[in-house]
Amino acid sequence: MSVGVYHHLEHYRGGQVIQTVTAVMRDTASKSITSQATWEFSDFPISIALSKPSNLILVTGFISIAINGGSQNVAVGIRRAGSNVNGAMGGATGFGSAKSNRRARHSETMHNGNFGISSLPIHFVDQPNSTAMQRYYPQFTHGSSSARVIYINRSENDGDNAEKGRCISIMTAQEIVT
């Protein structure tokens, strides 16, 4: 038996996918974010409307991301209508809740170096109990005590040579029958 290891399992009935929507971002974006601030990146949303309010939404994908300053953590949160999607955020509620200065996040990476690009995974299930259009989008933050520039789909050093690359970011939403 593991001591101090707890997992919250969620079980959903059903499983037939009846709708799939994919958003692909091929261009680049960047923004300077001050310490403790966030970037509401509503320019890369995924939207889906359920055919039945009790159905589920499975959102998967990844964000290709970099940050200046070397050895910096960068994180993504999931937003809907200006609020966190608590079921998609670690430490949002219940066991392991974000305490004191910790922030609830969906996923995070430690980005090292100015030539590379990291991938932040996205994978969650939401049950909004509504047939209205649901619009999900990422929110970015970092842990530095200084302002940092976050880059989407490119590295910090974006010179035109074979050492540097450009990436894409993808989000897919699927309606799952319950």
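Calculation notes
- Residues numbered from 1 in each chain as written.
- Predicted model: local features only at pLDDT ≥ 70, side-chain atom pairs only at ≥ 80, totals over all residues.
- Heavy atoms only, no water.
- Helix = DSSP H or I, 4+ residues; strand = E, 2+ residues; numbered from the N terminus.
- Buried < 20%, exposed > 50% of the residue type's maximum accessible area, 1.4 Å probe, protein only.
- Contact = heavy atoms within 4.5 Å.
- Salt bridge = Lys/Arg side-chain N within 4 Å of Asp/Glu carboxyl O.
- Core = buried A, V, L, I, M, F, W, Y, C linked by side-chain atoms within 4.5 Å.

Novice: What am I meant to see in the environment of Thr 34 here?
Specialist: In this structure, Thr 34 sits in the loop between strand E2 (29-33) and strand E3 (39-40). Looking at Thr 34, the relative accessible area reads 48%, which means it is partly exposed. It is 8.5 Å that separates the C-alpha atoms of Thr 34 and Ser 144, two residues lying 110 residues apart in sequence. In contact with Thr 34, not counting residues within four places along its chain, are His 142 and Ala 147.

Novice: Would you explain the pattern of salt bridges in this entry?
Specialist: Evaluated as defined, the whole model comprises 5 salt bridges. Across the salt bridge formed by Glu 40 and Arg 79, the nearest N and O atoms sit 3.1 Å from each other. Of this pair, Glu 40 sits in strand E3 while Arg 79 is found in strand E6 (residues 72-80), placing the two residues 39 residues apart along the sequence. Accessibility expressed as a relative area gives 31% for Glu 40, which makes it partly exposed. Residue Arg 79 is classed as buried on the basis of its relative accessible area of 12%.

Novice: Can you help me understand the nonpolar core in this one?
Specialist: In a soluble, globular protein the nonpolar side chains are often hidden away together inside. Counting 29 residues, the largest nonpolar core has Phe 140, Ile 150 and Ile 152 as the members making the most contacts within it. The element best represented in this core is strand E5 (residues 56-67), accounting for 5 residues. Among residues more than four places away in sequence, those in contact with Phe 140 are Ala 37, Thr 38, Trp 39, Phe 41, Ile 63, Ile 65, Ala 75, Val 76, Ile 150 and Ile 152.

Novice: So what exactly am I meant to see when it comes to unusual backbone geometry here?
Specialist: Negative phi values dominate among residues other than glycine, just as trans dominates among peptide bonds. Even without glycine at this site, Gln 36 takes up a positive phi of about 70°. Counting through the fold element by element, Gln 36 comes out in the loop between E2 and E3. Of the residues examined, Gln 36 reaches a relative accessible area of 52% and is grouped as exposed. A positive phi angle, close to 55°, is found at Ala 81, a residue other than glycine. Note that Ala 81 resides in the loop between E6 and strand E7 (83-84).

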